[in-house]
Amino acid sequence: MTTPTIELKPSSSPLSAAEREAILANPGFGRYFTDHMVTIRWTEGRGWHDAQLVPYGPLSLDPATNVLHYAQEIFEGLKAYRRPDGSVATFRPDANARRFQRSAHRLGMPELPVETFIEACDVLVRQDEAWVPEHGGESSLYLRPFMIATEVGLGVRPANEYLFVVIASPAGAYFPGGVKPVSIWASEDRVRAVPGGVGDAKTGGNYAASLLAQAEAAAKGCDQVCYLDAVEHKWVEELGGMNLYFVYGAVSNEKPKIVTPTLTGSLLAGVTRDSLLQVAKDLGYESEEARVSIDQWQADTENGTLTEVFACGTAAVITPVGTVKSARGEWQQSGGEPGEVTLKLREALLAVQTGRAEDTHGWMHKL
Ligand code: COI
């Protein structure tokens, strides 16, 4: 695999400092984008080439471009954080790079070398460093690497040309309520992914397929849809765009255990999910992957052993789950308040990410 050098073509007209500061004061999620982007092309027989840092702007695509018809597309999400000394670091970019390769493989696309993925993110963050929010809050710079099939033609087969792009967006809380618990609709008829399908690949199609169920969840007054497995319609998989954790026991009176659904192939191997298995152990809790059924979820909540539930992901960080609605009834986690284990894990993870705590696992990639 070739590793191209990224050619720099900085923007001649970035946003003014005042415009940027106004955006950084209230970035929301995914609404504003920085001044530049990195693009790298891949062509059959030539490999990766034409790596460039260019002004952020529209892509020009022929209407018959393959991705517009058959959705051969993958993406990633990772964040850059401002540290107490003013420097910047990204969180586990190697883990995202490796998942990007797995997604590429599953979608019949070329695998970008891990070091090129990381270098592309680094080059963009260095160029647009002024867009990384100040240390002290919960804001960060969200990086969105993605790859699309750019061959022009309507034949259904892996394309012979691709475009890899990294864009960046300052990010506050994914959910407008911040750590306010979100409500969940556990859908028993709509499924996200099937065994042998693409559920463990980070491809746009999985998210497109989730939108109707997400709209149905919203119509039921819920913030997020929760998917069950496609075969037995009972095993909890994940939410529309994030993983789930179940907390057994409380900090105050017993050793808590956090449990996340096993990676069966039809759910996404979240980097935050994986990190929390370790962060929990660092805090002296137990953590494990296991299958959890919707019936067990309800019964263990009602008998008091399941004390908290939270969602996790790069965008969502850790967000508590409050109300759960399903065809079999409605129940509430931790009285609809953020649970203490959830908040402790959230604080511990954010402390490492923002450089307030020691990075004992070598997760931070300093620029
Ligand atoms: C992320 O957490 O990075 C995601 O990809 C979830 C969503 C914003 C698509």
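Residues numbered from 1 in each chain as written. Predicted model: local features only at pLDDT ≥ 70, side-chain atom pairs only at ≥ 80, totals over all residues.

- Taking an unreviewed UniProt entry as the reference, the chain is identified by name as Branched-chain-amino-acid aminotransferase belonging to Streptomyces nymphaeiformis.
- What UniProt states about the chain under its Cofactor (unreviewed entry) heading is, verbatim, "pyridoxal 5'-phosphate".
- Quoted verbatim from the Sequence similarities (unreviewed entry) field of UniProt, the annotation for the chain is "Belongs to the class-IV pyridoxal-phosphate-dependent aminotransferase family." (UniProt positions renumbered as here; feature names shortened; annotations may be inferred.)

1. A few points about the packing of helix α7 (residues 271-282) against helix α9 (residues 340-353)
Item 1. For the pair α7 and α9, interaxial distance at closest approach is 10 Å and the crossing angle is 105°. The angle between the axes of α7 and α9 places the two elements in the roughly perpendicular class. Contacts from Ser 275, Leu 276, Val 279, Ala 280 and Asp 282 in α7 reach Leu 345, Ala 348 and Leu 349 in α9.
Item 2. Here the contact of α7 with α9 is composed, by residue class, of six nonpolar, one polar and one charged. (Axes fitted to C-alpha atoms, helices over the stretch in contact; angles between N-to-C directions. Helix = DSSP H or I, 4+ residues; strand = E, 2+ residues; numbered from the N terminus. Parallel < 35°, antiparallel > 145°, perpendicular 65-115°, else oblique. Contact = placed C-beta atoms within 7 Å. Nonpolar A, V, L, I, M, F, W, Y, C, P; charged D, E, K, R; others polar.)

2. Focus: the site of the ligand
Item 1. What surrounds the ligand is the set Gly 77, Tyr 207, Gly 241, Met 242, Gly 313, Thr 314, Ala 315 and Ala 316.
Item 2. Partitioned by chemical class, the residues of the shell around the ligand number four nonpolar, four polar and no charged. (Near = placed C-beta within 6 Å.)

3. Observations regarding the UniProt feature "modified residue: N6-(pyridoxal phosphate)lysine" (unreviewed entry) in the chain
Item 1. Here, UniProt's "modified residue: N6-(pyridoxal phosphate)lysine" (unreviewed entry) annotation points to Lys 202.
Item 2. Positionally, Lys 202 belongs in the loop between β9 (182-187) and α5 (204-208).
Item 3. Looking at Lys 202, the number of C-beta atoms within 10 Å reads 25, which means it is buried.
Item 4. Among residues more than four places away in sequence, those in contact with Lys 202 are Ile 74, Phe 75, Glu 76, Arg 99, Ser 103 and Leu 268. (Buried ≥ 20, exposed ≤ 12 C-beta atoms within 10 Å, placed from the backbone.)

4. Here's the deal with the domain arrangement of the chain
Many authors give the size of an interface as the accessible area that is lost as the parts come together.
Item 1. For the chain, the assigned domains are domain 1 (7-173) and domain 2 (182-354).
Item 2. Each of domain 1 and domain 2 has a C-alpha centre, and the two are 27 Å apart.
Item 3. Of the residues lining the interface, 23 residues belong to domain 1; the matching set on domain 2 comes to 15 residues.
Item 4. Mapped onto the side of domain 1 that touches domain 2, the elements with two or more residues apiece are β4 (73-75), β5 (78-82) and α3 (93-106).
Item 5. Here the residues of the side of domain 1 that touches domain 2 sort into ten nonpolar, four polar and nine charged. (Domains from an automatic or database assignment.)

5. Quick notes on the environment of Cys 222
Item 1. One can find Cys 222 in the loop between α6 (211-219) and β10 (224-228).
Item 2. Take Cys 222: there are 21 C-beta atoms within 10 Å of it, and that puts it in the buried class.
Item 3. Residues Cys 222 and Tyr 32, spaced 190 residues apart in sequence, show a C-alpha to C-alpha distance of 26 Å.

6. Concerning α3
Item 1. Here α3 spans 20 Å end to end across 14 residues, near enough to the 20 Å set by a 1.5 Å rise per residue.
Item 2. Backbone geometry just downstream of α3 places Gly 108 in the positive-phi region, at approximately 70°. (Expected span 1.5 Å × (residues − 1).)

7. Focus on unusual backbone geometry
Item 1. Even without being a glycine, Asp 50 presents a positive backbone phi close to 50°.
Item 2. Along the polypeptide, Asp 50 turns up in strand β3 (residues 47-55).
Item 3. Asp 50 gets classed as partly exposed once you count the C-beta atoms within 10 Å, which come to 14.
Item 4. The backbone of Arg 92 sits at a positive phi, close to 45°, despite the residue not being glycine.
Item 5. Secondary-structure assignment places Arg 92 in the loop between β6 (88-91) and α3.

8. Some points on the nonpolar core
General note: in soluble globular proteins, nonpolar side chains tend to be found buried as a group.
Item 1. Formed by 85 residues in total, the largest nonpolar core has its most connected members in Val 38, Ala 120, Leu 124, Tyr 245, Ile 258 and Ala 311.
Item 2. Mapping this core onto the domain boundaries places at least three of its residues in each of domain 1 (7-173) and domain 2 (182-354).
Item 3. Residues within four places of Ala 311 in sequence aside, it is in contact with Val 182, Gln 224, Leu 239, Met 242, Leu 244, Ala 316, Thr 319 and Val 321. (Core = buried A, V, L, I, M, F, W, Y, C linked by C-beta atoms within 7 Å.)

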